[in-house]
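The lines below spell out each chain.
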Amino acid sequence: MQNAAFAARGLDWHYSAHDVERALEGVAALRALGYAGANVTIPHKQAVVAACDEAEGDAVNTLVFRDGRVLGFNTDREILAGIDAKRACLIGAGGAARTLAPALPEDTRIYTRSGEWPPDATGCDLIVNATPVRDDVLVELQHGQVVVDLAYGPEETALIAAARAAGCEVVDGREALVRQGAASFRIWTGLEAPVDVMRSAVRP
């Protein structure tokens, strides 16, 4: 997706994936290799803040290496841009949930498997699954609710399939990936992201 975006804007940049066990060591390695920036995924969104000279909150998903400094940004909140919710149900309490929290309404219920379960979304106009679980997050849904699921893959998650069947507005994992990725692209390059190109890359 990002490589398609770089090509569309005529940039000689390359996006690659790296498995990192220790967030701080990973950041140091990327800086040493001359990277311009990085995305951070589960489970490192909170731990990586310690490597930042400046960070947006206590969890970030986008890093910029600039002038010898590490800057941490939160582009996950862009996933919820344009969604006007008064009451939300947030499933998960890890790094992804923390990066979404600033964009959620004050009246938000948070559910985890170690606490109250299953989630009760009664009266909520927004439901967000901020866990990587694809097939075991089911909530009683009502027509008109907005359902956002960060989990993505070749097939729809069970939650998104149920939401479509219930007549909910949905933002599936691949659309969430595009929205946060477009914001990361703008931060890294200073250019407007070619969103249509990015969507086509994740939905061939």
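Residues numbered from 1 in each chain as written. Predicted model: local features only at pLDDT ≥ 70, side-chain atom pairs only at ≥ 80, totals over all residues. Heavy atoms only, no water.

### A short note on helix α5 (residues 173-189)
Turning to step 1, where the next piece is worked out: Between its terminal C-alpha atoms α5 stretches 24 Å, which fits the 24 Å expected from 17 residues at 1.5 Å a residue.
Turning to step 2, where the next piece is worked out: Most of α5 sits out of view: twelve of its 17 residues are buried.
Turning to step 3, where the next piece is worked out: Check the buried side of α5 and you find it contacts α1 (2-8), β1 (37-39), β3 (62-66), β8 (146-149), β9 (169-171) and α6 (195-202).
Turning to step 4, where the next piece is worked out: In the stretch just after α5, glycine 190 is the one whose phi turns positive, near 75°. (Helix = DSSP H or I, 4+ residues; strand = E, 2+ residues; numbered from the N terminus. Expected span 1.5 Å × (residues − 1). Buried < 20%, exposed > 50% of the residue type's maximum accessible area, 1.4 Å probe, protein only. Contact = heavy atoms within 4.5 Å.)

### Focus: the packing of aromatic side chains
Two numbers describe a pair of aromatic rings. These are the distance of the centres and the angle of the planes.
Turning to step 1, where the next piece is worked out: Using the criterion set out here, one finds three aromatic pairs in the structure.
Turning to step 2, where the next piece is worked out: Aromatic side chains phenylalanine 6 and tryptophan 13 sit 5.4 Å apart centroid to centroid with 55° between the ring planes, which places their arrangement in the tilted category. (Phe/Tyr/Trp six-rings, centres within 6.5 Å; stacked < 30°, edge-to-face > 60°.)

### Topic: helix α2 (residues 23-32)
Turning to step 1, where the next piece is worked out: Listed as buried for α2 are Ala23, Gly26, Val27 and Leu30. Along the long axis of α2, the arc covered by the buried residues comes to 100°, so they all point the same way. Exposed side of α2, more than 90 degrees from the buried face: Glu25 and Ala32 are the residues found there.
Turning to step 2, where the next piece is worked out: Buried residues belonging to α2 abut β1, β3 and β4 (69-73). (Arc of directions from axis to C-beta.)

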